[in-house]
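Examination of the molecular architecture
Each chain, letter by letter, is given below.
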Amino acid sequence: MSLKLLIMLSHCVRNVPSRLLCILKTSQCRITPALQQHTRRHCSASPSSEGLDEVRTLLQLCVDRYYVSPGETNTELFRCGMSCSYGPLGVELRRNLLEQWWHSVTSSTAQVFGINTLSSSSKDTATDGLGIVESEHLKHILEQQDLSKEQLIQKVQMLIQRSPSLRTNFLQGALEQFVPSLKLVNRKLPFGLAETGLCFQPLDGSGCPAEVTQTSLVWFCSPRTSSQWLDHWTRQRLKWWRKFALSPSDFSSSDVPEEELEAAASRGVRIVYRFPWGQEPLETLWSRGNAELLHTHKGVRSKLQSRDGRKSDTHIVSVTGNMDRGVMAFMSNSLQQQKKEDGKQKLVQRKVLKLHPVLAPVKVALDIGRGATVELRQVCEGLLQEFMEAKISAWPGYLDTQPTSMEQLNAKYDEMGVLFTVVISENTLESGLLQVRSRDTTIRETKHVSEIKNFLSTYISAADNI
């Protein structure tokens, strides 16, 4: 199967040979140099020197502690709120965040249903500006030396027109699903359709779109209640973001200025996070009216007739989130840098990633102290199996054969955001007692090996209900 290229339709006509040849040359790469330069321009203004140090510290920690894969371009994409190459802990953090988003949207209000739509669509229904083009077909056209520039442009345009489009958001899929979903609810409003996954965001000047992990709720309601529902979902979403924050005041909401409203929207609200370099939107809510719904269903109002106590038209409130930027926001919000004295009375800086217990990718790290190594590892393996069965994510630190002091281990696990460190020692073999250290308090407690699973489960459940 040949490699598929993503290209911007709006940029294809001008300077076709040079632009498309450039894309072909870099098609094996995930990110082009042009995209790297664009991401630097695309992000908000550069932070102050103090903020810059904070950003560098955070990005380096993300790489060192397995949240994001190494590489300047990759970390720059992550900083700018785009999907990047995540490490194991980054994947788990994003998964936890998406699970919590889904639970909050589908459980907080009745009649929200999940859907799954195709990432590409035909030109008849597509409203996006991104297309899929087979590289071999494109290469074949560009290699025809006898074609004039006008003929070359014409052939490329025909190829693009025959190609499917990729989505830049989930709105169109939800609009297409409205009629069958309306039957599901017996034509009664309000109800919503939720979806998560990858979308593609065009980047001006780069010639190459980037992936974004998006969340979408499209809420169908009567015209007379649409403004109230926009306010309702704004409160719900802001409350949700703040629930997991170490510093909730860094999350806020603001109305979208009239000059920045989307064409179909009469009103908009942004949920934003205050990064060291400025505010960035995490979720955007729009009151969209019914024009897009009518257009999708070719103006056939009889199919769209619904009930909200009486017959009425259907209006739309949409909630679109960027979960890659959400991951970055919670990483930034939870990083604390504290100064303390080490065992030699030297002042050292302690970095702690105080992620919310529900979001933390690793709940407990298992390590061994002094004693018979083989027997201690067997105890660790037994505990690890218990944690897996209880769906408590654990880090098998006992597998690391390099000698490391407990101070170094604690520093490592604090930077990883691990909630608790459990140390199995010779005392565990004799009495069943082990040491449990808390990330947030640094206090060590002694517990029996039979208690640790219930202790962790209770702690995580309690944190989720706050």
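Structure first, text after, so check above.
Below is a summary of the structure that appears in this document. (Residues numbered from 1 in each chain as written. Predicted model: local features only at pLDDT ≥ 70, side-chain atom pairs only at ≥ 80, totals over all residues. Heavy atoms only, no water.)

1. Comments concerning the pairing of strand β9 (residues 267-275)
- Looking at chain direction, strand β8 (residues 251-255) and β9 are connected through five bridges and run antiparallel. Considered in β9, the bridge of Ser-252 is made with Val-272.
- Here β9 pairs with strand β10 (residues 278-289) via nine bridges, running antiparallel. Note on β10: the bridge partner recorded for Tyr-273 is Glu-280.
- The turn joining β9 and β10, which pair antiparallel and follow one another in sequence, is formed by two residues. (Pairing = 2+ DSSP bridges. Helix = DSSP H or I, 4+ residues; strand = E, 2+ residues; numbered from the N terminus.)

2. Topic: the nonpolar core
- Counting residues in each nonpolar core, the largest one holds 80 residues, and the members touching the most others are Tyr-67, Phe-78, Phe-251 and Met-331.
- Once residues within four sequence positions are removed from consideration, Met-331 is found in contact with Leu-58, Cys-62, Tyr-67, Phe-78, Leu-93, Leu-353 and Leu-355.
- One finds Ala-174, Leu-175, Leu-182 and Val-185 within the second-largest nonpolar core, a separate group that totals 17 residues. (Core = buried A, V, L, I, M, F, W, Y, C linked by side-chain atoms within 4.5 Å. Buried < 20%, exposed > 50% of the residue type's maximum accessible area, 1.4 Å probe, protein only. Contact = heavy atoms within 4.5 Å.)

3. A closer look at the side chain of Ser-216
- With respect to the helices, strands and loops of the structure, Ser-216 is situated in strand β7 (residues 210-221).
- Once residues lying within four places of it in the same chain are set aside, the contact partners of Ser-216 are Trp-101, Phe-170, Leu-193, Ala-194, Glu-195 and Val-319.

4. A few points about the pairing of strand β19 (residues 433-438)
- As judged from the four bridges shared by strand β18 (residues 420-424) and β19, these two strands associate in the antiparallel manner. The residue of β19 that forms the bridge with Val-422 is Val-436.
- Looking at chain direction, β19 and strand β20 (residues 444-448) are connected through five bridges and run antiparallel. Bridge pairing links Arg-437 to Arg-444 in β20.
- Hairpin remark: β19 followed by β20, antiparallel, with five residues in the connecting loop; positive phi at Thr-442, about 65°.

5. Side note on the sheet that holds β10
- Pairing within the open sheet is mixed, and its seven strands lie in the order β2-β6-β7-β13-β10-β9-β8. Both outer strands of the open sheet, β2 (112-114) and β8, are each paired with one neighbouring strand and no more. Between one strand and the next, the sheet's axes are offset by a mean angle of 25°, whatever the strand orientation.
- Strands in contact with helix α10 (residues 226-243) are β7, β8, β9, β10 and β13 (315-322); relative to β10, the strand with the most contacts, it is inclined by about 155°.
- Along the sheet face, helix α13 (residues 323-334) touches β7, β8, β9, β10 and β13 and points at about 40° away from the line of β9. (Axes fitted to C-alpha atoms, helices over the stretch in contact; angles between N-to-C directions.)

These figures capture arrangement, not role.
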